[in-house]
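Chain and residue survey
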Amino acid sequence: MAELPSKRPAWAALQSHLASAKNLHLRDLFAGDPGRGTRMTAEAVGIYLDYSKNRVTDETLKLLLALAEASDLKGRIHAMFSGEKINITENRAVLHTALRAPEGATITVDGKNVVPEVHAVLDAMSAFADRVRSGAWKGFTGKPIKNVVNIGIGGSDLGPVMANEALRFYAKRELNFRFLSNVDGTDFAETVRDLDPAETLFIVCSKTFTTQETMTNAESARQWSLATLKDKASVAKHFVAVSTNAAEVTKFGIDTANMFGFWDWVGGRYSMDSAVGLATMLALGGTQFREMLAGFRAMDEHFRSAPFEKNLPVIMGLLSVWYGSFFGAETVAVLPYDQYLKRFPAYLQQLTMESNGKRVTLGGAEVDYQTGSVYWGEPGTNGQHSFYQLIHQGTKLIPCDFIAFCKSLNPVGRHHDLLMANVFAQAEALAFGKTAEQVKADKVPDWLVPHKTFPGNRPSNVLLLEKLTPFALGSLVALYEHIVFTQGVVWDIGSFDQWGVELGKVLASRIVPELEAAAEPDLKHDTSTNALIKRYRAAGR
Ligand code: F6P
């Protein structure tokens, strides 16, 4: 079995460096190095990354880069991009990067170039989107489509939800988009309650087409639609599918002519730029969707070719390893200062936590260091009036990623200057804080001084972009995809499977018949689960 990364000299070097690095304060690091604020920056694909407010020295960065080398990050990047089966527990290639490869590129999986198929699906999506957007696609009664409901969960929901919100400015506003994911009947009821089935198109989006939540919602949607449209032939006009599973799509009753495919080498949480993005394509149209893909592609190229010391995903990935595995930080806050990115943190939760929530190495050994962090966040400035207090003065170390745009899509009076002033001020306050001496100088009584003191030394990255465009969104998502990859390589974990979600699914399917049985079931769970099931049954549903 391969040795744990923590046993490598590069890891040990960082561990011993930590002893001194822990005592450094950002105040002193800045005071002693006038060039720091402009030197510790990197720029690529329209993203300016200021990482100077991190608890690192040039030596730390050198050691982190050495750790990346020792982890063979270069080799692993090459392996991913060239279609090697690096998802070893499922024996699959990991090729979300092929989803945005240019026409004419060659990427081979099992002896077959997959790029032509990728573009064939994009063309089919684009043609379909044109018909729906123009009103040429008619519902069963001849009315054009007004409402699009994406039914999916996890990667078949979070990406389209986030992207449709993020790019709403560019969307066809006449189309009304909704996203149905939860198996809770309330989600279904509230999603369809004011919709007319004759004007509603459902996208049943599921890689496997077997996911319980999605198939239950899809079945309810079909019944709801047929209750008004009456004729089974209407399904072809009001239901399309996004899936890798043609057999199950057919079984559900959707014509495979209305199915948009993708492939097992695309992980659910890496799929928003595949056919899973059909709702986004319907909102944006083919041209703008392809602009988003160009943003992804530009970041892919940067990740693959830029030297590590200038490589945005590598720098950010290594910094998060530094805090997570060495400082013991448990979480990362992602704080977009753009209302359109309000679902970006939720999207990143699946991307980062389903990918790197792993406790054994690729070789199966239990790790003795922290792996995937808890990612969370809210758009600024709202978070400032809620949880920022804990980041500023609490006992936990929470590295922050601030994301901001120089130009507003909706310039209104002074709003944007105020918004941006808050981004800069928060990063500044977190880093430098306010010393007891400064507080005293404000004539604060002694007893109040500790309460008003900000320790500072709270690390952050600031990502500054020009404007939120489809290209910019693509580049941001790809940035985080590759941050996750970098982390996973350094931790030597499998970032592309998700066995941890399986057990709950299996147990739930065992419990369903116990809840629904007419006769009292013979329960064989633990005493707590047995009692909960009995109480639920006794309540009479
Ligand atoms: O939660 C597990 C998971 O498999 C995710 O990885 C995936 O994105 C989600 O379920 C939905 O899966 P599907 O697209 O197959 O319905």
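Please refer to the structure placed before this passage.
Predicted model only: the values in this text are computed from it and were never measured.

Here we come to the overall build of the chain. Scanning the chain from terminus to terminus reveals 22 helices and 13 strands. Computed over C-alpha atoms, the radius of gyration of the chain comes to 25 Å, within 12% of the 24 Å expected from 2.2 N^0.38 for 541 residues, which places it in the range of a compact globule. Burial statistics for the chain: of 541 residues in total, 55% are counted as buried. For the chain, the share of sequence-separated contacts (at least 6 apart) that also reach a separation of at least 24 residues comes to 74%. For the chain, the exposed area adds up to about 23,200 Å²; of that, 54% sits on carbon and sulfur atoms. Taking the 56 positively charged and 58 negatively charged side chains of the chain as two groups, their mean positions are separated by 3 Å.

Strand pairing in a sheet is mediated by backbone hydrogen bonds. Such pairs are either parallel or antiparallel. The strand order E1-E2-E13-E12-E10-E11 describes an open sheet built from six strands, whose pairing is mixed. Of all strands in the sheet, those bounded by a partner on one side alone are strand E1 (41-44) and strand E11 (374-376). When strand polarity is set aside, the average angle formed by the axes of neighbouring strands in this sheet is 15 degrees. Where strand E10 (residues 331-336) lies against strand E12 (residues 400-405), four bridges are found, and the strand directions are parallel.

Taken together, the five bridges between strand E5 (residues 147-151) and strand E6 (residues 176-180) define a ladder with parallel strand orientation. What sits directly across from asparagine 147, in E6, is asparagine 176. For the handedness criterion, the β-α-β arrangement of E5, helix H7 (residues 158-166) and E6 is classed as right-handed.

Compared with an ideal rise of 1.5 Å per residue, which puts 18 residues at 26 Å, helix H17 (residues 415-432) spans 26 Å between its outermost C-alpha atoms and is within 8% of the ideal. Among the residues making up H17, those that are buried are His416, Leu419, Met420, Val423, Gln426, Ala427, Leu430 and Ala431. Taken down its axis, H17 places every buried residue within 125 degrees of arc, on the same side. Taken together, the buried residues of H17 touch helix H2 (26-31), helix H16 (388-393), E12 and strand E13 (460-465).

What follows is about the sheet that holds strand E9 (residues 259-261). If you trace the five strands from one edge of the open sheet to the other, you get E6-E5-E7-E8-E9, paired in parallel fashion. Each end of this open sheet is capped by a strand with a single partner; those strands are E6 and E9. In this sheet, neighbouring strand axes are inclined to one another by 20 degrees on average, regardless of whether the strands run parallel or antiparallel. Of the strands in this sheet, E5, E6 and strand E7 (200-205) touch helix H8 (residues 185-192), which is tilted by about 170 degrees from E6.

Counting 128 residues, the largest nonpolar core has Trp265, Phe344, Leu473 and Tyr480 as its most contacted members. It is helix H20 (residues 470-491) that provides the largest number of residues to this core, a total of 13 residues. With sequence-adjacent residues up to four places away left out, tryptophan 265 is seen in contact with Ala93, Val94, Leu95, His96, Ala98, Leu99, Val109, Val114 and Val118. Counting residues in each nonpolar core, the second largest holds 20 residues, with Leu180, Leu195, Phe239 and Ile254 among its members.

The rules we used
Residues numbered from 1 in each chain as written. Predicted model: local features only at pLDDT ≥ 70, side-chain atom pairs only at ≥ 80, totals over all residues. Heavy atoms only, no water. Helix = DSSP H or I, 4+ residues; strand = E, 2+ residues; numbered from the N terminus. Rg over C-alpha atoms; globule rule 2.2 N^0.38 Å. Buried < 20%, exposed > 50% of the residue type's maximum accessible area, 1.4 Å probe, protein only. Contact = heavy atoms within 4.5 Å. Areas by Shrake-Rupley, 256 points an atom, 1.4 Å probe, with all protein chains shown as cover. Lys, Arg positive; Asp, Glu negative; His and termini not counted. Charge placed at Lys NZ, Arg CZ, Asp CG, Glu CD. Pairing = 2+ DSSP bridges. Axes fitted to C-alpha atoms, helices over the stretch in contact; angles between N-to-C directions. Right-handed = clockwise from strand over helix to strand, strands pointing away. Expected span 1.5 Å × (residues − 1). Arc of directions from axis to C-beta. Core = buried A, V, L, I, M, F, W, Y, C linked by side-chain atoms within 4.5 Å.

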